[in-house]
Amino acid sequence: MATTSRSSLKRYFDVNGWLFVAPAVALISLFMIYPIIRSLILSFYSGRGMMLKFSGSGNLVRLWNDPVFWKALENTVIFFIVQVPIMITMALILAAMLNNPKLRYSGLFRTMIFLPCVSSLVAYSILFKSMFSLDGVVNNTLLAMGIIGEPIGWLTDPFWAKVLIIIAITWRWTGYNMIFYLAALQNIDRSIYEAAKIDGVPSWGRFAFLTIPMLKPVILFTTITSTIGTLQLFDEVYNFTEGKGGPADSTLTLSLYIYNLTFRFMPSFGYAATVSYVIVLMVAVLSFLQFYAARERA
Amino acid sequence: MDYSRVLKRSVSAALTGAALLCSTAAFAGEVTVWCWDPNFNVAIMKEAAARYTAKHPDTTFNIVDFAKADVEQKLQTGLASGMTDTLPDIVLIEDYGAQKYLQSFPGAFAALTDKIDYSGFAKYKVDLMTLEGQVYGVPFDSGVTGLYYRKDYLEQAGYKASDMENLTWDRFIEIGKDVKAKTGHEMMALDTNDGGLIRIMMQSGGKWYFNDDGSLNITGNAALKAALETQARIVNEGVAKQTSGWNDGINALTSGDVASVLMGVWITGTVKSQADQAGKWALTAIPKLNIEGATAASNLGGSSWYVLEASAEKDEAIDFLNEVYAKDLDFYQKILTERGAVGSLLAARTGEAYQKPDDFFSGQTVWQNFADWLVQVPAVNYGVFTNELDTAVTANFPALLKGTPVDDVLKAIESQAAGQIQ
């Protein structure tokens, strides 16, 4: 016991070790730690453009009284609450289906489902915009099939615009999460399933009581990364709405609001920094909660 | 210490410095320009550059074509970060944003008060680039508005050109419903997520989001109220084809989907871009709001050129703008007929190009119309928060469609805006 602690102390004071990590530490300090501290300081300043003045908690007061911020927060939370569970469930089900050794062309299907997340963001946004426009292919198909009576304003109605964003990000990221599940499924010993089968466990039971518990660490991982991704949602909304988050601010997310505060409106760098710390805080709290929830049950 | 090396270095540094000075004096640099719209600003800047290089062969131009939002964002990022060497020498700024840049980045733009004769330009353009007695920028195009309509569609619906004169918005909506019923075409394309039409109507009523002192003017703003109500009627009565985004709207116009378009004069180039629609279009004044003091003239957009203070080619850039944009009357005639650019240099307004009939519009003297309307555009204070207010208006507009009383909507706009403009 004593020897180990002494040797670890010795390692602690060993200059060579520090020298090895020094370049990385220097780069991280310069490009991560410094901006983080600088933006924290910035969040206490307010003013137009470069005319910044120290304002103490001024930005927090502004944040509290800002209906647009609350709207953006609400939208972000809705996207996160609705979209992440849908996507995770779909990814799980798809992964379980594609993991079936009897399935033919499974490589093709896997590629097809994975492809969206490596497609060009702008290209897919433009394609989605034209597909979901008032007289686009989606509305025309739904009309022809008699599912809807009049075209849906996917891009002009506040409710449907939200739905469209959820459809778009689900389309794009489900395959990405599915790959994690597939990889994890490949590591599960088939004999467990065979044993369960012999014991007469039906296939849904094997999925619910074997697959899901064994995938728990991966589910936790994908949930956290998806949560963080959705809280930072920006690209889709920006491309679909020309950066406005419309109609009626219904697709405005916190990231887009930060962007608008910095680049489209009168530049308020301090206030934008304050809003970005809200995202930091939310990511931290939600990640902690998810870890906590997963740990308790394990 | 190796003195000979130090000496060599200082000599070479001095020589380089001297060479740089000489080059500046002889104007042999490359002037970089950022602007948007290849059919309009970019093409016009290329024409201006060609004219200048013809007289000053040592000067070269690098005209960079970005989307408008990209120009604004790149400019704002460059100014905020202080990395001025990433910025161009000349940049195009839309009038709504001019004061925002001047006030939030003091010292970023070159003051041109003594270098350009501003008395020759329309006063409202010069006012919006003036800050604390100094004038920045060279006024460029005006966004005077007009109503372009498809004669063929209106004739099918039983309307003559005389029916399109002296329109009110009530009459416009009535005609629009008729056109839709008889031809199946909507009267216009409308993106309710863009505040453009509201701004046009509001300014035609002589008001803006702000009073002259910059304070908010929302709940008591009769022109804004009428504009909101009118736009809600246009949507609810099915007169407009709802579009999303700029390209979608332009597509509706060029594909012949809609029967009219109400825009700034700079849209002329886009209207005329469909050669097969020649003879099918006509131009008239915009409809009037049903309030006191309303005019049939307004403004949408419009922009001006600004020189960056940190630019290495600053003097050259100023000289160029002064020589072409502030003096060359022939240049203005050319960009008017070729691109539909109504400049704000007053002397250029009397040229023969203005009287020239346009074949695309069946021989109508459209430019004369715009020149006439230009002087009737009510001057308003654009302030520094037009983008913020636009967002507040478009965010609250859907509530109006659903039947919320207009006064409540105005209150909601005001409270949202109050939080944004600090």
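Just so we're clear, the structure is a prediction, and the values are computed from it rather than from any experiment.

Calculation rules
- Residues numbered from 1 in each chain as written.
- Chains lettered and ligands numbered in written order.
- Predicted model: local features only at pLDDT ≥ 70, side-chain atom pairs only at ≥ 80, totals over all residues.
- Heavy atoms only, no water.
- Helix = DSSP H or I, 4+ residues; strand = E, 2+ residues; numbered from the N terminus.
- Expected span 1.5 Å × (residues − 1).
- Buried < 20%, exposed > 50% of the residue type's maximum accessible area, 1.4 Å probe, protein only.
- UniProt positions renumbered as here; feature names shortened; annotations may be inferred.
- Phe/Tyr/Trp six-rings, centres within 6.5 Å; stacked < 30°, edge-to-face > 60°.
- Lys NZ or Arg CZ within 6 Å of the ring centre and 35° of its normal.
- Pairing = 2+ DSSP bridges.
- Axes fitted to C-alpha atoms, helices over the stretch in contact; angles between N-to-C directions.
- Contact = heavy atoms within 4.5 Å.
- Salt bridge = Lys/Arg side-chain N within 4 Å of Asp/Glu carboxyl O.
- pLDDT = per-residue confidence, 0-100.
- Buried area = accessible area lost by both parts, 1.4 Å probe.
- Core = buried A, V, L, I, M, F, W, Y, C linked by side-chain atoms within 4.5 Å.
- Domains from an automatic or database assignment.
- Polar contact = N/O pair within 3.5 Å; in protein donor to acceptor, adjacent residues only side chain to side chain.

A.B. asks: Honestly, helix 15 (residues 386-401) of chain B in this entry has me stumped. Any pointers?
C.D. replies: One turn of the α-helix equals 3.6 residues, which is why residues spaced by three or four share an orientation. Residues and elements named next belong to chain B. Between its terminal C-alpha atoms helix 15 stretches 23 Å, which fits the 22 Å expected from 16 residues at 1.5 Å a residue. The element helix 15 is largely enclosed, with a buried count of 13 among its 16 residues. Of the residues flanking the end of helix 15, it is Gly403, one or two places downstream, whose phi is positive at about 105°.

A.B. asks: I'm lost on the UniProt feature "transmembrane region" (unreviewed entry) in chain A in this one. Help?
C.D. replies: All names here are of chain A. In the numbering adopted here, UniProt assigns the feature "transmembrane region" (unreviewed entry) to residues 12-37, 77-96, 108-127, 159-183, 204-224 and 269-293. The distance separating the terminal C-alpha atoms of residues 77-96 is 29 Å; by composition the span is 100% helix and 0% strand. Summarising residues 269-293: 100% helix, 0% strand, and an end-to-end C-alpha distance of 36 Å.

A.B. asks: Sorry, what's going on with the packing of aromatic side chains here?
C.D. replies: The description of an aromatic ring pair uses the distance of the two centres, along with the angle that the planes make with each other. Counted by the stated rule, this structure contains 45 aromatic pairs over all chains. Taken together, the ring pairs in this structure connect Phe40, Tyr52, Phe61, Phe140, Trp305, Phe320, Tyr325, Phe331 and Tyr332 of chain B into an aromatic cluster. Sitting over the ring of Tyr271 of chain A, Arg62 of chain A keeps its end group 4.0 Å from the ring centre. A cation sits over an aromatic face here: Arg150 of chain B above Tyr153 of chain B, 4.4 Å from the ring centre.

A.B. asks: So what exactly am I meant to see when it comes to the sheet that holds strand 10 (residues 260-264) of chain B here?
C.D. replies: In sheet architecture, strand pairing relies on hydrogen bonds along the backbone and comes in two forms, parallel and antiparallel. Residues and elements named next belong to chain B. The sheet built from 3 strands is open, its strands ordered 10-7-11 with antiparallel pairing. The open sheet has two edge strands with one neighbour each: strand 10 and strand 11 (281-284). Within this sheet the neighbouring strands show an average axis-to-axis angle of 25°, counted without direction. Here strand 7 (residues 145-150) runs beside strand 10; their pairing, made up of 5 bridges, is antiparallel. Looking at the pairing, Thr145 lines up with Gly264 of strand 10.

A.B. asks: Is there a simple way to explain the sheet that holds strand 3 (residues 90-94) of chain B in this structure?
C.D. replies: Residues and elements named next belong to chain B. Pairing is mixed in the open sheet, where 5 strands are placed in the order 2-1-3-12-6. The open sheet has two free edges, formed respectively by strand 2 (60-65) and strand 6 (138-139), since each of these has just one partner strand. Each of strand 3 and strand 12 (303-307) touches helix 4 (residues 95-104); the most contacted strand, strand 3, lies at about 115° to it.

A.B. asks: Is there a simple way to explain the pattern of salt bridges in this structure?
C.D. replies: For side chains of opposite charge, pairing can occur when their charged atoms come near one another. Residues and elements named next belong to chain B. Under the definition given, this model contains 21 salt bridges over all chains. Salt-bridge contacts for Arg233 lead to Asp170; the nearest nitrogen and oxygen are separated by 2.7 Å. You can see Arg233 sitting in helix 9 (residues 222-236) and its partner Asp170 sitting in helix 7 (residues 169-183), a full 63 residues away along the chain. Ionic pairing is found between Glu237 and Arg233, a salt bridge with its closest N-O pair at 3.1 Å. Here Glu237 falls in the partly exposed class, since its relative accessible area comes to 29%. In this structure Arg233 comes out as partly exposed when scored by relative accessible area, which is 33%. If you follow the salt bridges from partner to partner, you end up with Glu47, Arg51, Asp328, Asp330 and Lys334 in one network.

A.B. asks: Quick question: what am I supposed to make of the confidence of the model for chain B here?
C.D. replies: Predicted coordinates in areas of low pLDDT are best not read in detail. Scored by pLDDT, chain B has a mean of 86; 94% of the residues are at 70 or more. Taken over the whole predicted complex, pTM reads 0.80, whereas the ipTM for its chain interfaces reads 0.75.

A.B. asks: Is there a simple way to think about the interface of chain A and chain B in this case?
C.D. replies: It is common to give the size of an interface as the accessible area that goes away when the parts come together. At the junction of the two partners, chain A supplies 32 residues and chain B supplies 33 residues. Interface of chain A and chain B: buried area, both sides summed, is about 2,800 Å²; carbon and sulfur atoms make up 52% of it. Taken together, the links from chain A to chain B amount to 2 salt bridges. Notably, a salt bridge pairs Asp194 of chain B with Lys244 of chain A, separated by 3.2 Å at the nearest N-O pair. For the side of chain A that touches chain B, the secondary-structure elements that each account for two or more residues are helix 4 (67-98), helix 12 (235-240) and helix 13 (254-264) of chain A. For the side of chain A that touches chain B, the element with the most residues is helix 13 of chain A, which contributes 5 residues.

A.B. asks: Is there a simple way to explain the environment of Gln277 of chain B in this structure?
C.D. replies: All names here are of chain B. By secondary structure assignment, the location of Gln277 is in the loop between helix 11 (268-272) and strand 11. For the pair Gln277 and Gly256, spaced 21 residues apart in the sequence, the C-alpha separation amounts to 8.5 Å. Apart from residues lying up to four places away in sequence, Gln277 is in contact with Arg150, Leu253, Thr254, Ser255, Gly256 and Phe360.

A.B. asks: Help me understand the nonpolar core in this model?
C.D. replies: Considering soluble globular proteins, one finds that nonpolar side chains tend to be buried as a cluster. With 143 residues, the main nonpolar core has Phe109 and Tyr325 of chain B as its most contacted residues. Here this core gathers at least three residues from each of two domains, domain 1 (30-143 + 300-361) and domain 2 (144-299 + 378-421) of chain B. Setting aside anything within four residues of it in sequence, one finds Phe109 of chain B in contact with Leu75, Leu79, Val91, Ile93, Tyr101, Leu102, Tyr136, Tyr306, Val307, Leu308 and Glu309 of chain B. Counting 63 residues, the second-largest nonpolar core is a separate cluster that includes Leu121, Tyr124, Phe128 and Phe234 of chain A.

A.B. asks: Explanation requested: the domain arrangement of chain B in the structure shown.
C.D. replies: All names here are of chain B. Along its sequence, chain B is organised into domain 1 (30-143 + 300-361) and domain 2 (144-299 + 378-421). Summarising the inter-unit geometry, the C-alpha centres of domain 1 and domain 2 are found 27 Å apart. At the interface, 22 residues of domain 1 touch 29 residues of domain 2. In total, domain 1 and domain 2 occlude about 2,000 Å² of area from one another, counting both sides; carbon and sulfur atoms represent 64% of this. If you sort the residues of domain 1 by the area they bury against domain 2, Tyr96, Leu300 and Phe360 come out on top, with a joint share of 43%. Across the contact surface, domain 1 and domain 2 share 1 salt bridge. For Asp358, the salt bridge identified is with Lys272, shortest N-O distance 2.6 Å. Applying the counting rule to domain 1 against domain 2 returns 8 residue pairs in polar contact (both at pLDDT 80 or more). Of all the secondary-structure elements, those providing two or more residues to the side of domain 1 that touches domain 2 are helix 4 and helix 13 (329-339). Top contributing element to the side of domain 1 that touches domain 2 by residue count: helix 4, with 5 residues.

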